[in-house]
There are 2 protein chains.
Amino acid sequence: MSLEFFFYPQSVAVFGSFRKGAIAYEILRNIVEGGFEGKVIPVNPKSGTVEVAGNIFQIREKLDESVDTAIIAVPARIVPALIDEIGPLIKGAVVISAGFSEVGNEELERELVEKAKKHGVRVIGPNCAGIFGVHGKFFGSFEVRVNPGGLALISQSGAFGGAALAMGNDEGIGFSAFVSYGNGADLNESDFLEYFADDENTKAIALYIEGVKDGRRFLKALRYATERKPVIVLKAGKSKSGAKAAASHTGSLAGSYEIYRAAFKQANAIEVEEMEELFDAAKAFEMYPNAGKRVAVITNSGGPGVLATDKLERLGLEIARLSDETVEELRSFLPPQCSLRNPIDLIADADYERYKRTIEVVCRDENVDSLLVICVPPIFIPSGEIARAVIDAKCDKPVIVNFMAGQLVRDGVKLLERHGIKNFSTPERTAKALKWLSLR
Amino acid sequence: MSLEFFFYPQSVAVFGSFRKGAIAYEILRNIVEGGFEGKVIPVNPKSGTVEVAGNIFQIREKLDESVDTAIIAVPARIVPALIDEIGPLIKGAVVISAGFSEVGNEELERELVEKAKKHGVRVIGPNCAGIFGVHGKFFGSFEVRVNPGGLALISQSGAFGGAALAMGNDEGIGFSAFVSYGNGADLNESDFLEYFADDENTKAIALYIEGVKDGRRFLKALRYATERKPVIVLKAGKSKSGAKAAASHTGSLAGSYEIYRAAFKQANAIEVEEMEELFDAAKAFEMYPNAGKRVAVITNSGGPGVLATDKLERLGLEIARLSDETVEELRSFLPPQCSLRNPIDLIADADYERYKRTIEVVCRDENVDSLLVICVPPIFIPSGEIARAVIDAKCDKPVIVNFMAGQLVRDGVKLLERHGIKNFSTPERTAKALKWLSLR
């Protein structure tokens, strides 16, 4: 099923209050400031005008032309009637409004879906935070805008989704899309999995769920998606108390975690246990579709190299055994104090040439599937120089990078990011990134 | 043994080259810019002057008066003679210079120690990154300066230590001291454990080790320290390849990890597995000496509350069962949509009053040992307002805070930090912080 009209709309209408700070206003602002190039129509019976980012919009009393998608933030009780009224003019409705099944108003939610079905309108929500179609410059949510990239984030929890977008910005993640589907009255996680599986801008899908309503459908959709691209899943409500809380939160039956876990495994999804792991896996898969198990560690500092090595082994990856030719070639240009065993220690004064050449030599070794490159800020060499070496090194295998030390490597990390290389902040997180890649 | 002359010196001499960028110059700069109030004497046979932060220092040809500590960054081969020469004038020497046992020059290292012993001089290093005594405003290292606080960081690896200082700054950690002890020719991890155990500015000790030379001594020192304050240990070289790499890196025999693990446990140290966990544990222990197992979770957003709950249960903590009185009191002022079960969901529009009162009511519950407070950025309420509620709430139990969403909560996080409340970036890391606290 195509959901293009949601994620790549040509025209949208926003329904709600347009005083500053109101939800509809904030969404309108986000759409306009995000650079949406299609038509945007604010609608409110009180009409008037609204100014956003220097543009003055006439608020229409009612929608009087066709648009791809309506974003609705009006009181819950009038949503079904609104959908019935505008149904002939829209393809999709994103219902932000809360006050449906999540607070016991099942009947109102049924009515909403019924009116939508009558007109062939697909619904996202209600009780959701909205959607982003980032490559279409469409930011149909009040959540913070994000940079374009390869990750589609599907979140049952709006607040989780919003926080993940903001934190994703800090982590250097690029997004293709975001959808918070709230109560999932019509479209749910399975529909989005199937859609993003075929979306060409999406390289990886991240899914936050508490529970699903139709397990069989979900498993099928999950399989469909994982056959096409990596799907990273964070399941909340795994513990006894967590499951109870999830039930009272989204009304979803979290069900036995064991069943979910088996399903994720069976469908070849990448299950992560923590929010941070979701980011790390997403970053890794935005860069590479997969990686083998035999890792070469290149570092300018012994300790962090050892930490990475410990974690890699613990995660079941292998510390690649370098070929004799590789060792000989490294010996030909590295100072005698360097360690030529894997982890390869280039020592503290390693510069551009030493990093670049080592990466290239090691990359050619048939015993090596991927490279984990660590840089602790050298005293006399700007981190940007080492970043440049990583960028310039010719290597056709996955290179996962850990420039560590916060502000001291900020320049290097920024330079890496401008070249599409995402940084991982500790040796252990870098090792985990390679672990996720090895699962595909 | 007192090591005051290292960490609270009245006067120091720095030996080495004072051209810009040289190690001795960088250390001198750090000492001066860090606001050291004692006497600082640069020494180099070539004499001349050196300008640092607007001050011009006369470089002395040789040390001709007594100082507490000498920081030495001259070529390795002349270090023993220098120590012999200045021995009568100093109490301690920090030898930054490399080129001793770590590259096979055991004899030179023995000579160094012998000369120091002859004069009753204690030695840190050689092959180390130096030391900080933060409350004495003494930054005797080229590593990035840090904020004063309660953590003493002892690191066998200089590069790890340097990176941890920089990352600690980003994490909002305050430090009492830092010591990189390199080859540990004289003083080693055991001496520093004992010293910081009795240092009144140190609330917690973090230790990075690859291996120790004298296991019995180490166990005794570790016990001595843990009886007085929490000791967080990150052991590198746990895996087969990691241990081999550690051996070639510091020359230390990493030994069987199982023995170390048993020793840490026996001594009641807090062993962490990742660098990031070291930070989280350090942050928690800078704030609180310990915490019970029964946790109350307070959140304005369901999903993250569920994630925290999952992780707490998984870590063996308990989701506190709130007393009937607590539930009734919460019911009296919270909106009906809020969840009064633990996790307590204050829902998205929770404001200052709702957070503050809930924290205070829950804190009084005898079934609750500690509070985990989550704030996802509310749309209409600045995060600073919620931060203010956490700061103002009267509660005599540990409160561990997770303001999530990067830049969106930066104001709130800064406000918290100004009041000594450290923020944890994800629900899971917050849960882990409570886990570490529960181990004391």
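Each value, and the rule that gives it
- Residues numbered from 1 in each chain as written.
- Chains lettered and ligands numbered in written order.
- Predicted model: local features only at pLDDT ≥ 70, side-chain atom pairs only at ≥ 80, totals over all residues.
- Heavy atoms only, no water.
- Helix = DSSP H or I, 4+ residues; strand = E, 2+ residues; numbered from the N terminus.
- Rg over C-alpha atoms; globule rule 2.2 N^0.38 Å.
- Buried < 20%, exposed > 50% of the residue type's maximum accessible area, 1.4 Å probe, protein only.
- Contact = heavy atoms within 4.5 Å.
- Areas by Shrake-Rupley, 256 points an atom, 1.4 Å probe, with all protein chains shown as cover.
- Lys, Arg positive; Asp, Glu negative; His and termini not counted.
- Charge placed at Lys NZ, Arg CZ, Asp CG, Glu CD.
- Least-squares fit on C-alpha atoms with pLDDT ≥ 70 in both.
- Pairing = 2+ DSSP bridges.
- Axes fitted to C-alpha atoms, helices over the stretch in contact; angles between N-to-C directions.
- Buried area = accessible area lost by both parts, 1.4 Å probe.
- Salt bridge = Lys/Arg side-chain N within 4 Å of Asp/Glu carboxyl O.
- Polar contact = N/O pair within 3.5 Å; in protein donor to acceptor, adjacent residues only side chain to side chain.
- Nonpolar A, V, L, I, M, F, W, Y, C, P; charged D, E, K, R; others polar.
- Disulfide = S-S within 2.5 Å.
- Core = buried A, V, L, I, M, F, W, Y, C linked by side-chain atoms within 4.5 Å.
- Phe/Tyr/Trp six-rings, centres within 6.5 Å; stacked < 30°, edge-to-face > 60°.
- Lys NZ or Arg CZ within 6 Å of the ring centre and 35° of its normal.
- Arc of directions from axis to C-beta.
- Expected span 1.5 Å × (residues − 1).
- Parallel < 35°, antiparallel > 145°, perpendicular 65-115°, else oblique.
- Left-handed = near helix turned anticlockwise from the far one by under 90°.
- pLDDT = per-residue confidence, 0-100.

Q: How would you summarise the overall build of chain A if you had to cite specific residues and measurements?
A: Secondary structure summary: chain A contains 16 helices and 19 strands in total. A compact globule built from 440 residues should have a C-alpha radius of gyration of about 22 Å, and chain A, at 25 Å, falls within 12% of that. Per-residue burial over chain A gives 64% buried out of 440 residues. Contacts spanning at least 24 positions in sequence make up 72% of the contacts within chain A whose residues lie at least 6 apart. Total accessible area on chain A is roughly 16300 Å²; 47% of this is exposed by carbon and sulfur atoms. Counting 53 positive and 59 negative side-chain charges, chain A places the averaged centre of each group 2 Å from the other.

Q: How would you sum up the relation of the copies chain B and chain A? Please name residues and give values.
A: By a simple turn and slide, chain B fits onto chain A: the slide is 0.0 Å along the axis, the RMSD is 0.0 Å, and the turn is 180°. Put plainly, the chains are arranged around a two-fold axis. Using C-alpha coordinates, one finds that chain B approaches the rotation axis most closely at Glu276 of chain B, a distance of 5.6 Å. The share of interface residues of chain B whose copies in chain A are also at the interface is 100%, consistent with both copies meeting through the same surface.

Q: So, the sheet that holds strand β8 (residues 130-133) of chain A: which residues are in play, and what are the values?
A: Residues and elements named next belong to chain A. The mixed open sheet is built from 7 strands, whose spatial order is β9-β8-β11-β10-β12-β13-β14. Strands with a single pairing partner mark the edges of an open sheet, and in this sheet they are β9 (138-141) and β14 (270-272). This sheet shows a mean twist of 20° between the axes of neighbouring strands, independent of strand direction. By the bridge criterion, 5 bridges tie strand β12 (residues 204-209) to strand β13 (residues 231-235) in an arrangement that is parallel. Within the sheet, the bridge partner assigned to Ile209 lies in β13 and is Lys235.

Q: Can you tell me about the interface of chain B and chain A, naming the residues and giving the values?
A: At the junction of the two partners, chain B supplies 64 residues and chain A supplies 64 residues. Contact between chain B and chain A buries roughly 4700 Å² in total, counting both sides, with carbon and sulfur atoms accounting for 61%. At the boundary of chain B with chain A, the tally comes to 12 salt bridges. As a salt-bridge pair, Arg429 of chain B and Glu276 of chain A come within 3.0 Å of each other at their nearest N and O atoms. Between the two partners, chain B and chain A, sit 26 residue pairs in polar contact (both at pLDDT 80 or more). Ranked by residue count, the leading element in the side of chain B that touches chain A is helix α11 (residues 302-314) of chain B, at 10 residues. For the side of chain B that touches chain A, the per-class residue count stands at 27 nonpolar, 18 polar and 19 charged.

Q: Residue-level account of the state of the cysteines, with values.
A: Residue and element names in this part refer to chain A. Per the counting criterion, the structure on display carries 2 disulfides over all chains. A sulfur-sulfur distance of 2.2 Å marks the disulfide that ties Cys363 to Cys395. Because the sign of the S-S torsion sets the handedness, a value of about 85° for the bond joining Cys363 and Cys395 places this disulfide among the right-handed ones. One end of the pair, Cys363, is in helix α13 (residues 352-363); the other, Cys395, is in the loop between α14 (383-392) and β19 (399-403), with 32 residues separating them in the sequence. Considering cysteine sulfurs only, Cys375 is the nearest to Cys338, which forms no disulfide, with 14 Å between them.

Q: A description of the nonpolar core should follow, citing residues and the corresponding values.
A: Core analysis: the biggest nonpolar cluster contains 110 residues, and Leu312 and Leu372 of chain A together with Leu312 and Leu372 of chain B have the highest contact counts within it. Other than its neighbours up to four places away in sequence, Leu312 of chain A contacts Val295, Val297, Leu317, Ile319, Leu372, Ala431 and Leu434 of chain A.

Q: Lay out the packing of aromatic side chains in plain terms, naming residues and giving numbers.
A: In the structure shown here, the tally under the stated rule is 26 aromatic pairs over all chains. A centroid spacing of 6.4 Å and a plane angle of 80° characterise the contact between Phe218 of chain A and Phe264 of chain A, whose relative ring orientation is edge-to-face. Of this pair, Phe218 of chain A sits in helix α7 (residues 215-226) while Phe264 of chain A sits in helix α9 (residues 257-266); the two residues are 46 residues apart in sequence, bridging distant segments of the chain. Classification of Phe264 of chain A as buried rests on a relative accessible area of 1%. A centroid spacing of 5.3 Å and a plane angle of 65° characterise the contact between Tyr195 of chain B and Phe196 of chain B, whose relative ring orientation is edge-to-face. Judged by its relative accessible area of 5%, Tyr195 of chain B falls in the buried class. Its end group placed over the ring of Tyr224 of chain A, Arg228 of chain A keeps NZ or CZ at 3.6 Å from the ring centre. Across from the ring centre of Tyr260 of chain A, 4.6 Å away, lies the NZ or CZ of Lys235 of chain A, which sits over that ring.

Q: Can you explain the sheet that holds strand β5 (residues 67-73) of chain B? Please cite residues and give values.
A: Residues and elements named next belong to chain B. Taken in spatial order, the 5 strands of this open sheet run β2-β1-β5-β6-β7, and their pairing is parallel. Of all strands in the sheet, those bounded by a partner on one side alone are β2 (39-43) and β7 (122-124). Adjacent strand axes in the sheet meet at a mean angle of 20°, parallel and antiparallel pairs treated alike.

Q: Any chance you could break down helix α15 (residues 410-418) of chain A for me, citing the residues and the numbers?
A: Residue and element names in this part refer to chain A. Regarding α15, the residues found buried are Gly412, Val413, Leu415 and Leu416. Buried positions in α15, seen along its axis, are confined to an arc of 160° and lie on one side of it. The outward face of α15, more than 90 degrees from its buried face, is lined by the exposed residues Asp411 and Arg418. The elements touched by buried residues of α15 are α14 and β19. Positive backbone phi, approximately 80°, marks Gly420, located one or two places after α15.

Q: Give me the lowdown on the pattern of salt bridges, citing residues and values where you can.
A: Using the criterion set out here, one finds 67 salt bridges over all chains in the structure. For the salt bridge of Arg110 of chain A with Glu107 of chain A, the shortest nitrogen-to-oxygen distance reads 3.0 Å. Taken together, the residues span about one helical turn, with Arg110 of chain A and Glu107 of chain A both in helix α4 (residues 106-118) at a distance of 3 residues. Taking the shortest distance from any N to any O, the salt bridge between Asp191 of chain B and Arg217 of chain B comes out at 3.0 Å. You can see Asp191 of chain B sitting in helix α6 (residues 189-197) and its partner Arg217 of chain B sitting in helix α7 (residues 215-226), a full 26 residues away along the chain.

Q: Talk me through α7 of chain A; I want residue IDs and the actual numbers.
A: Residue and element names in this part refer to chain A. Taking 1.5 Å as the rise per residue, α7 with 12 residues should run 16 Å; its terminal C-alpha atoms sit 16 Å apart, in good agreement. Residues Phe218, Leu219, Ala221, Leu222, Ala225 and Thr226 constitute the buried set of α7. End-on, the buried residues of α7 take up no more than an arc of 165°, which puts them together on one face. For α7, the exposed residues lying more than 90 degrees away from the buried face are Arg216 and Lys220. Looking at the packing, one finds that the buried side of α7 touches α6 (189-198), β12, β13 and α9. Between the side-chain oxygen at the start of α7 and the backbone nitrogen of Arg216 there is a gap of 3.3 Å, and the oxygen is on Asp214.

Q: Pulling in residues and values, what's your account of the packing of helix α5 (residues 158-171) of chain A against helix α10 (residues 275-287) of chain A?
A: Residues and elements named next belong to chain A. Two elements in contact, α5 and α10, have axes separated by 11 Å at closest approach and are oriented at 55°. By the angle between their axes, α5 is oblique relative to α10. Two packed elements cross with a definite hand, and for α5 against α10 that hand is right-handed. Taken together, the residues of α10 that come into contact with α5 (itself represented by Phe160, Ala163, Ala164, Met167, Gly168 and Glu171) are Met275, Leu278, Phe279, Asp280 and Lys283.

Q: Can you tell me about the confidence of the model for chain A, naming the residues and giving the values?
A: Averaged over every residue, the pLDDT of chain A is 95; the share at 70 or more is 98%. Prediction confidence for the complex, expressed as pTM and ipTM, is 0.94 and 0.94 respectively.

Q: Could you give me a rundown of unusual backbone geometry, with the residues and numbers involved?
A: Put simply, Gly125 of chain B and Pro126 of chain B share a cis peptide bond, and its omega is -5°. Inspection of the secondary structure assignment puts Pro126 of chain B in the loop between β7 and β8 (130-133). In this model, Ser47 of chain A sits at a positive phi of 50°, which is unusual for a non-glycine residue. Looking at where Ser47 of chain A falls in the secondary structure, it is placed in the loop between β2 (39-43) and β3 (49-52). Taking the relative accessible area as the measure of exposure, Ser47 of chain A reaches 30% and is therefore partly exposed.

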